[in-house]
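Coordinate analysis (summary)
Residue strings, one per chain:
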Amino acid sequence: MSALSRTDAAEPASYLNAGYGLKSWLLTLDHKRIAWLYFISITGFFFLGGAAATLIRLELLTPAGDLLSDNAYNQMFSLHGIVMVWFFLIPSIPTTMGNFLLPLMLGARDMAFPRLNLLSWYVFILGGLFTLTAVVAGGIDTGWTFYTPYSTMFSNGAVLAAATGVFIVGFSSILTGINFIVTTHKMRAPGLTWFRLPLFVWAQYATSVIMVLATPVLSVTLVLLGIERAFGIGIFDPALGGDPVLFEHLFWFYSHPAVYIMLLPAMGVVSECIACFAHKRIFGYKVMAFSILAIALFGFLVWGHHMFVSGQSIYAGVAFSLLSFLVSVPSALKIFNWIATLYKGQIRFDAPMLFALSFIGLFLIGGLTGIFVATLALDVQMHDTYFVVAHFHYVMVGGMVSAYMAGLHFWWPKITGRLYPEMWARVSAIIVFVGFNLTFFPQYILGWAGMPRRYHAYADEFQLLNVFSSAGAGLLAVGYLLPLLYLIWSLRYGARASANPWDARGLEWTVSSPPPVHNFARVPRVEHEAYAYDQPQ
Amino acid sequence: MIEAGDPWQLLMFPEAASSISSRVDHLFWAMVVTCGLVVLLVFVLLLVFSIRYRRGSRADRTPSARLNSNHWLEIGWSVPVLVGFLVFFAWGAVLYLDLYDPPAPADGNVREINVIAKQWMWKFQHPEGVREINDLHLAVGQTVRLRMTSQDVIHSFFVPAFRIKQDVLPRTYTELQFTPTKVGRFHLFCAEYCGLQHSGMTGEVVVMSPPALQGWLDRQGQTRTPEQDGARLFRSYGCSGCHAPDSSVHAPNLAGLYGKPVPLANGTTVRADAQYIRDSILLPSKQVAAGYPAIMPSFQGQISEADVLKLTAYIQSLTEQETDPP
């Protein structure tokens, strides 16, 4: 980046050429540069998790466990889950686009706590190093769920190192969450009332609330796990007088809301893209804002739906099932509202829009299959099978990662000041959509037919669909590698982007691309609702 | 069944071989059709709007007052969604309660089988005393109740063709009742990740006609039933020293105890089920029966899960009249 800037004397002053050298990046307090630190780190984690997924899919080409040993396979799916959940999906949109855009969208010069912001990245990296240490020092084979007593008393892997990594990275989430909440409350520009905020900001705000409230429960749970494993003090292992189902309750009390930590920012990104490329105010703005809050709230009350066959009270199961259906209503509303936004719009199909439309389709299928597993009698069959695997990949990869790609392409000109090759981006969006469905749709059928998840070897009749799935994974890998190439290419060779290449609304598009160090020369005054596409910018 | 067949048939319409499985399938397909229609509706709308309102098209875009927000429309699509959800919720819940809190079968005849899961095998004991590993032989039409526990980590008993699954917890009993309705061999999977050879913790449920099962049981040779073994253990572990009716020690008489409410010293009442008996043997201070001194020693670490199950079977078999160990 900095090399590029120096060779180009015509480039206007921006946060990118405000300082050169490693120190100017590693000690920066600029939210835009911190976003870059996260971009680079989570991209690394994404491809690490993706490499593990590749090995998993290769192993599952044949029913026999032949490519990897059972131990290696168990380590691969554990690594894949831990890295993807905690080191990619949870930080993904908030720490990159959230960090970059929140102050810009609010008309602020930076976060409320710039030093805290930098600290949260260092904490994130520290947690990542612990987890990578676990990979090197013997690996971890507990799955990302760390179920006890397997994780505390039976596993031979480096459970403590991995759990410590996740424990540490939790603090990064909490710090980011606090920063976002305070920034949204205190740093809004004059005239920017709550109901003029872009939905992206609402989504970041609700996500931050979940991060601050739910993550401490995970931290406590991991400490208890560590105490039992290290000192043999009985908390979860019944042989020591503990209760393994207690761990499931505590774990899911965090990990279900964590799904919404991943999903809500995605919904925010998609709302921005749909409004921009339909050139129209988002339909039912207030309903959209309140449904974000409703999802965040209800998300805390449904953790027991992960435990319908765990031996918890069957009447608790009934209550959790009902609540899980209720949390789906606001999600359904959002889909209808996005569709309604297209009505009478001026729709363009640039790459961000293709990714956003992919999100709608895939999240719709992921959400609807979510109500299958919320249905008690069906979950009995589907729990811990590939149906669940397919369901949450539709939500987290089909949904969340598509939205991440949509946002990345949408704001790339703003972030870098460069345009990417549009044709390649559209190709990538289509490859991802096709590859994704080919990978994960067969897994619904496999799950319904009874193939359990986390199986290194499987019954012969499941092979056909596993071959489809592995072939799809190959395509998906191409779809994800392409953007890595052309986006990096665009940093040097991409055409210069104007301040507002998409004719979008929102304060971030009023500053130059890339933005100046302090974002706004003068504090902006907001006169319009969000998405005022009927007004000139 | 495990034999080869048309792969699509096997995958899309997996064998339905228990009394509950076709009821689960009806719910599944009702949801597939309903959700399929919703997906179709959304995709058609997406497609139609995308084409009609593509930038530069000459479609009518006259703004109206409700173009950006319309409460009646929001309510109009929320209510059907909510109603549909509630129907599926209730349907699924009723089936679930039938599965996990099942009514006694009409003939009152339930075959109780003890299951011990461990890394990485399933151990079964039939009421006749016959034991098997990983395979489980059952009679078609005969209701079965599994009493399951684990020696180490959490496992999960899963027979896809029966549409049943239940986690198997260490040091806790979970139960599962079902009725096979088809003769054949069906996959048994461990569904909860349990370590190195999780995917090898599989077996077959072999469902036979009742005479065939009887023949199979007979061929396994002479065995003692769990009750008979339990009676022997009741004496060898010294239980009878206090709990026999003629004992001089003030200890609860166990005859007719099973299934009855037991008042506890702390004022609460607990039902004397298998879990209670298990806890009383291994953790006697957890639930002390009212009116008795807490002098029972713990047998934690001295008695195997299999023996606890046998003792439980013996205590379960003691009726009010039958007070002497056979």
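Residues numbered from 1 in each chain as written. Chains lettered and ligands numbered in written order. Predicted model: local features only at pLDDT ≥ 70, side-chain atom pairs only at ≥ 80, totals over all residues.

**Remarks on the sheet that holds strand E7 (residues 164–168) of chain B**
Residue and element names in this part refer to chain B. Taken together, the 5 strands give an open sheet; going across it, the order is E4-E10-E9-E6-E7, and neighbouring strands pair in mixed fashion. Of all the strands in the sheet, just strand E4 (135–139) and E7 have a single pairing partner and so form its edges. On average, each strand axis in the sheet is tilted by 20° relative to the strand beside it, whichever way the strands run. The pairing of strand E6 (residues 155–159) with E7 spans 5 bridges and is classified as antiparallel. Each residue of the ladder has a partner; that of Val 159, found in E7, is Ile 164. (Pairing = 2+ DSSP bridges. Helix = DSSP H or I, 4+ residues; strand = E, 2+ residues; numbered from the N terminus. Axes fitted to C-alpha atoms, helices over the stretch in contact; angles between N-to-C directions.)

**Considerations on the domain arrangement of chain B**
By domain assignment, chain B separates into domain 1 (7–54 + 69–100), domain 2 (111–219) and domain 3 (226–317). For domain 1 of chain B and domain 3 of chain B, the distance between their C-alpha centres works out to 49 Å. (Domains from an automatic or database assignment.)

**Quick notes on the sheet that holds strand E3 (residues 131–133) of chain B**
Residues and elements named next belong to chain B. With mixed pairing, the 5 strands of this open sheet are ordered in space as E3-E2-E1-E5-E8. Unpaired on one side and paired on the other, E3 and strand E8 (174–178) mark the two borders of the sheet. Geometrically, the sheet is characterised by an average inter-axis angle of 20° between neighbouring strands, direction not taken into account. Note that strand E2 (residues 121–125) and E3 share 3 bridges and pair antiparallel. If you follow Lys 123 over to E3, its bridge partner there is Ile 133.

**Details of helix H9 (residues 199–231) of chain A**
The end-to-end C-alpha separation of H9(A) is 47 Å, in line with the 48 Å expected for 33 residues at 1.5 Å each. Just downstream of H9(A), Gly232(A) is the residue with a positive phi angle, here 70°. (Expected span 1.5 Å × (residues − 1).)

**What about the interface of chain A and chain B?**
With 72 residues of chain A at the interface, the matching set in chain B holds 69 residues. Ranked by residue count, the leading element in the side of chain A that touches chain B is helix H12 (residues 314–342) of chain A, at 14 residues. Each residue belonging to the side of chain A that touches chain B can be placed in one class, and the counts come to 46 nonpolar, 19 polar and 7 charged. (Contact = placed C-beta atoms within 7 Å. Nonpolar A, V, L, I, M, F, W, Y, C, P; charged D, E, K, R; others polar.)

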